[in-house]
Amino acid sequence: MDDTNLHFMNSLTLAELATFEQTAGISFDKIGTADPMTLMPALAVFAAKRLGLDQSAEILSQLTMDELQELFAAATQATPSRPDEINRILETVRGKSRANSSKR
């Protein structure tokens, strides 16, 4: 898996990963050994959803590998849809992280 794919995978929420496992039939711990022809279209569906596009794996399989990398890169930069409570949690965590790092 190249860096763009890895960054996209790391950007997935736990909810997205759970849905990915259910729909793609690939468990998270097996992603590294999954058949790329199964993995890539499934990831493309989640990348498109992150960008507000509802497309099937069949349609997205028409993208070239370069285009697929562009899709993953754009989706990595997009904010996942999630409740406002998550943003408050992250603000608290990141604030404490910054405060702890400035004490060093």
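Attention in this report is confined to the structure presented alongside it. (Residues numbered from 1 in each chain as written. Predicted model: local features only at pLDDT ≥ 70, side-chain atom pairs only at ≥ 80, totals over all residues. Heavy atoms only, no water.)

Here's the deal with the overall build of the protein
No. 1: Along its length, the protein carries six helices and zero strands.
No. 2: For the protein, the succession of helices and strands along the chain, N to C, is α-α-α-α-α-α.
No. 3: The principal-axis extent of the C-alpha atoms belonging to the protein is close to 50 × 25 × 25 Å.
No. 4: Sorting the 104 residues of the protein into buried and exposed places 31% on the buried side.
No. 5: In the protein, 60% of the contacts between residues at least 6 apart in sequence involve partners at least 24 apart.
No. 6: Carbon and sulfur atoms form 53% of the exposed surface of the protein, whose accessible area is close to 7,200 Å².
No. 7: Taken together, the 10 basic and 14 acidic charged side chains of the protein have centroids lying 17 Å from each other. (Helix = DSSP H or I, 4+ residues; strand = E, 2+ residues; numbered from the N terminus. Buried < 20%, exposed > 50% of the residue type's maximum accessible area, 1.4 Å probe, protein only. Contact = heavy atoms within 4.5 Å. Areas by Shrake-Rupley, 256 points an atom, 1.4 Å probe, with all protein chains shown as cover. Lys, Arg positive; Asp, Glu negative; His and termini not counted. Charge placed at Lys NZ, Arg CZ, Asp CG, Glu CD.)

A short note on the environment of Ile26
No. 1: Considering the arrangement of structural elements, one finds Ile26 in the loop between α2 (14–24) and α3 (36–50).
No. 2: Since its relative accessible area comes to 7%, Ile26 is described here as buried.
No. 3: When neighbours within four sequence positions are excluded, Ile26 is seen to be in contact with Phe20, Glu21, Ile31, Ala34, Thr38 and Leu39.

Examining the nonpolar core
No. 1: Counting 23 residues, the largest nonpolar core has Phe8, Phe20, Ile26, Leu39, Leu43 and Phe72 as its most contacted members.
No. 2: No other element matches α3, which puts nine residues into this core.
No. 3: What Leu43 contacts, discounting residues up to four positions off in sequence, is Phe8, Met9, Leu12, Phe20 and Phe72. (Core = buried A, V, L, I, M, F, W, Y, C linked by side-chain atoms within 4.5 Å.)

On their own, these measurements won't tell you what the molecule is for.
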